Amino acid sequence: MGCLFAMMAGIFPRFGLLIVWIARPKLVDEAFDGWFWPLLGIIFLPFATLMYVVLHTGGGLTGFDWFWVVFAGLLDVIHWGASWTQRRQVPGYPGTVQI
């Protein structure tokens, strides 16, 4: 069950941003000028990119909106760090002995 939760936590922001991009492309177009930055956001900082798109208004982000984007970015970095620290538990990882 823990693996399913971790997998969904990693997939949700990417899937959510992709759905927003397909359903409401105008929101993503307002937040970004092209397709390159949102694509990088989906790959590397998906939760921060999703928060940026959802909170972006015509004039950009203001005040407390930046707190949520930075908080989401920290969650993305923590997710990457947790994945890196747990890499040795993956079956077949080089240097681990399976008896």
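For clarity, every value in this text was computed on a predicted model and none was experimentally measured.

Reading the values: the criteria
- Residues numbered from 1 in each chain as written.
- Predicted model: local features only at pLDDT ≥ 70, side-chain atom pairs only at ≥ 80, totals over all residues.
- Heavy atoms only, no water.
- Phe/Tyr/Trp six-rings, centres within 6.5 Å; stacked < 30°, edge-to-face > 60°.
- Buried < 20%, exposed > 50% of the residue type's maximum accessible area, 1.4 Å probe, protein only.
- Helix = DSSP H or I, 4+ residues; strand = E, 2+ residues; numbered from the N terminus.
- Lys, Arg positive; Asp, Glu negative; His and termini not counted.
- Salt bridge = Lys/Arg side-chain N within 4 Å of Asp/Glu carboxyl O.
- Polar contact = N/O pair within 3.5 Å; in protein donor to acceptor, adjacent residues only side chain to side chain.
- Contact = heavy atoms within 4.5 Å.
- 1 Å grid on protein atoms, 1.4 Å probe; cavity = no way out; pocket = protein on both sides within 12 Å on 5 of 7 lines; lining within 4 Å.
- Points joined across faces, edges and corners; volume = space filled by probe spheres on them.
- Nonpolar A, V, L, I, M, F, W, Y, C, P; charged D, E, K, R; others polar.
- Arc of directions from axis to C-beta.
- Expected span 1.5 Å × (residues − 1).

Undergrad: So, the packing of aromatic side chains: which residues are in play, and what are the values?
TA: A complete count under the given rule lists 10 aromatic pairs for this structure. Ring plane angle 90° and centroid distance 5.8 Å describe the contact between Phe64 and Trp68, whose orientation is recorded as edge-to-face. The class of Trp68 is partly exposed, set by a relative accessible area of 35%. For the ring pair Phe67 and Phe71, a centre distance of 6.1 Å and an interplane angle of 15° mean the geometry is stacked. Residue Phe67 and its partner Phe71 are both found in helix H5 (residues 65-85); the two are separated by 4 residues, about one turn of the helix.

Undergrad: Give me the side chain of Asp76: which residues, what numbers.
TA: Counting through the fold element by element, Asp76 comes out in helix H5. One buried charged residue, Asp76, forms no salt bridge at all, with the nearest opposite charge on Arg14 at 6.6 Å. Side-chain polar atoms of Asp76 contact the backbone nitrogen of Ala48, separated by 2.9 Å. Non-local contacts of Asp76, meaning those with residues more than four positions away in its chain, are made with Leu45, Pro46, Phe47 and Ala48.

Undergrad: Just give me the short version of the layout of surface pockets, but keep the residues and values in it.
TA: Computed from the structure, the largest pocket encloses a volume of approximately 330 Å³. Taken together, 16 residues form the lining of the largest pocket, with Ala6, Ala9, Gly10, His79 and Ser83 sitting closest to its centre. Looking at side-chain class alone, the lining of the largest pocket contains 11 nonpolar, 3 polar and 2 charged residues.

Undergrad: Account for helix H3 (residues 36-43), with residues named and values stated.
TA: Here H3 has its buried residues at Pro38, Gly41 and Ile42. Seen along its axis, H3 keeps its buried residues to an arc of 100°; they face one direction.

Undergrad: Give a detailed account of H5, specifying residues and quantitative values.
TA: When the terminal C-alpha atoms of H5 are compared, their 31 Å separation across 21 residues agrees well with the 30 Å that a helix rising 1.5 Å per residue should span. All of the buried residues in H5 are Asp65, Val69, Ala72, Gly73 and Asp76. Looking straight down H5, one finds its buried side chains confined to an arc of 100°; they lie on one side. Summarising the geometry of H5, the exposed residues directed more than 90 degrees from the buried face are Val70, Val77 and Ile78. Elements that come into contact with the buried residues of H5 comprise helix H4 (46-55).

Purely geometric numbers; function is a separate question.
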